[in-house]
Every structure is written in structure tokens, then in C-alpha cells.
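Observations on the model geometry
So the chains spell out like this:
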Amino acid sequence: MTSSPPDVSDIRIPWEVQRFERDLFQVDTLQLDKALDQLAARHPGFTQDFLYNILGSRPEQVAKDLPGFMRSYKEWYQQMPADRLLEPQFELVRQGCAYFKHYFPAYVLPKRLITFIGPVNSFGNILTNDALAVGLQVYMGKDYGWYGSTEGQQLYPPYISRRFEPAYIPVNCMKNLIDDLTPDQSQGQPLVEQMVEAGKRVYLLKALLPKVADTLITGYTGAQLRACYASEQGIWSFFIQNDLLFSKDITQVRDYLGDAPGTPALGEGAPGNIGQFCGWQIVKKWMKNNQETTMVELMKTPPSKIFQEAKYKP
């Protein structure tokens, strides 16, 4: 694979953006049965997904649950990000799908992107049979008032809610596609293999979203990412000196690959999930030495093989 992104301008994919939340919050709750029939006609399939999977209602409870939800989340709907903030992200998702089709032509891509507002403790991103569904309740902007409330902080600490920005929509959508294409089978393997598997996914994510900043791709802050590069040799030495690379200890794996505000063992400034950074660097080194490797081949290559052949020494 070359360092510059391929030209995908000729790749045409069926694509439509549907704003489910706009139709939902216009529902006449005084004529709910009729209104829901109309909603289902406009959004076949997803209306049922929303009511029964996202909202978590049951057919006999919808008449009570839906109006209650709409009252509780009316303010969220009124304050959701403006189209000028959302539409560029939707276009990046479409472009990401075009790159996906370039790299994985046999994969059947979703034909729609559906936005919705759901319960804040429910799904943020869903891959349905034919759509990418995006829950705007977790993309209201990191400074949205509820996120900073006591209840909000208990559910989503600051290191998580700081990523509740529209700019993360393309990243999370592409992650869903990657996970569907090739489910992560590395759980239970040595830490270094799980790191490399994470690195493969970051490498592919960057290829699908070449215009998106590395901070968004990794989920790190700018300061954290700069610190990783500045301390790359020290980070790798830490894993070697502490005999961590081949550990299968679940706690250790979680310490270095789990989402967290930081990695205490590596000092202040080290991000959580730092193992993904090391895995990414290993994959970049291996791909530099195997430039004819396709993305299909990369994703099928065992992490152990990549680690052994990369001979990564920062």
C-alpha cells in the first residue's frame, strides 16, 4: 500500500442520509397509532429497531414509553448540533464507505446513514441490515450541559465525554464496519498480539479516513499523542523490561488496552489504551516492509506473524 490515499472518485455507492429524529419528534402523540404507521412507512425497519431495541419498549408499552421519551429528550432534540457541523461528518462517512469498497470490494456496504436521538445510556452507533445508525445523544459536543452533570459524569466520565463531538461520527461508523468485516479474535492471546490486532484496526481506520486527524483516529488528545511519539522508545522498553509482551493476564491486558483516562504505570500524560499506539507503530513498520500487501491481506495476517517480522525497535 502506498502512503498517499487511492483515488476513489469513480467509486459510486448507493447512499442516503435519513434524519429519523426529525420525523420522530414531529409525531402526534394524540394520534399515536396513525403517526407510528406513517413513521414506519418513512423509515421501514428502523422504526421497529428504535422502538424495541434502542428505546427498549414493548408493543404494549409504546403508547406510554414513546411520549415519555419525547418529553424527556425534547430539549436534546432542540439543542442537537447544527447541520453545518453534522453534514461534513456525514460526507466523511460516505467517503469512508467509498474507500471501504476500494479495499474490500466483496463487502456489502450499508446504503443509508440514519441519525436518531435515543436514551443517553443506550446505543450510540449501530450497524443494521442496510444502514449505519448514529445516535446524536452522544455527539452533542463535549460541553453539552448534561454531560457535565453529576448523573452524566457517573455514566460518562470526562475522558469519555470529551469524545462526544460530531467529529467522532465517521470514526465510530468506520469502526463498526471494520468490526463487522473482521471481528476481533485476539482476546485471550498474548498482550503483544492483542496490541498488534488493535494496531491493524487503527491502520485500516486511518486508510478509510485519510483526512481525519490522528487524534480522532486514536481517541487520544493532541498532548497524549505527542507524548506517545516523544516517549515511543521508553514505552516499548517498559513493556519489554516488565515482561509484559507475552502476558495473558486479563488485568494487565485491561491496563494497557482498555479505555481509561491514562496509563498510571507510564506516568502522567500517557493515554489509556496505550497498547493500541504500540500496535499501530508495529503495523506501520511491517507495512512499510511489505508495501504490496493489500488491506485484505493485512487484516488476514496473524498478529504474531506481523510482530515477528516487523522487528520493531523504536
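1. Remarks on the overall build of the protein
Helix and strand counts for the protein stand at 16 helices and four strands. Looking at the protein as a whole, 51% of its 314 residues are labelled buried. Expressed as a percentage of contacts within the protein between residues at least 6 apart in sequence, the contacts between residues at least 24 apart total 67%. Roughly 15600 Å² of accessible area belongs to the protein as shown, and the carbon and sulfur atoms make up 49% of that amount.

2. Considering unusual backbone geometry
Positioned with a positive phi, D243 is a non-glycine residue whose angle comes to about 50 degrees. One non-glycine residue, N273, adopts positive backbone phi at about 55 degrees. Within the secondary structure, N273 sits in the loop between α13 (250-257) and α14 (274-289). When its relative accessible area of 16% is taken as the criterion, N273 is described as buried.

3. Digging into the side chain of S122
Positionally, S122 belongs in the loop between β2 (112-116) and β3 (125-127). The class of S122 is buried, set by a relative accessible area of 19%. A distance of 3.1 Å separates a polar side-chain atom of S122 from the backbone oxygen of I54.

4. Points about the packing of aromatic side chains
In this structure the tally under the stated criterion is 25 aromatic pairs. Between Y73 and W76, the ring centres sit 5.3 Å apart and the planes meet at 45 degrees, which makes this aromatic pair tilted. Placement of the pair is Y73 and W76 together in helix α4 (residues 62-78), with a separation of three residues, close to one helical turn. One exposure class covers both Y73 and W76, and it is buried. A centroid spacing of 5.8 Å and a plane angle of 75 degrees characterise the contact between F238 and F239, whose relative ring orientation is edge-to-face. Grouping residues by exposure puts F238 and F239 together as buried.

5. A short note on the pattern of salt bridges
Within this structure, the stated rule accounts for 14 salt bridges. R58 serves as the salt-bridge partner of E60, at 2.9 Å between the closest nitrogen and oxygen. Between D179 and R201 there is a salt bridge, with the nearest N and O atoms lying 2.9 Å from each other. Separated by 22 residues along the polypeptide, D179 in helix α8 (residues 169-181) and R201 in helix α9 (residues 191-208) bring together distant segments of the chain. Sharing partners across several salt bridges, the network here consists of R19, E21, R22 and D83.

Conventions used here
Residues numbered from 1 in each chain as written. Predicted model: local features only at pLDDT ≥ 70, side-chain atom pairs only at ≥ 80, totals over all residues. Heavy atoms only, no water. Helix = DSSP H or I, 4+ residues; strand = E, 2+ residues; numbered from the N terminus. Buried < 20%, exposed > 50% of the residue type's maximum accessible area, 1.4 Å probe, protein only. Contact = heavy atoms within 4.5 Å. Areas by Shrake-Rupley, 256 points an atom, 1.4 Å probe, with all protein chains shown as cover. Polar contact = N/O pair within 3.5 Å; in protein donor to acceptor, adjacent residues only side chain to side chain. Phe/Tyr/Trp six-rings, centres within 6.5 Å; stacked < 30°, edge-to-face > 60°. Salt bridge = Lys/Arg side-chain N within 4 Å of Asp/Glu carboxyl O.

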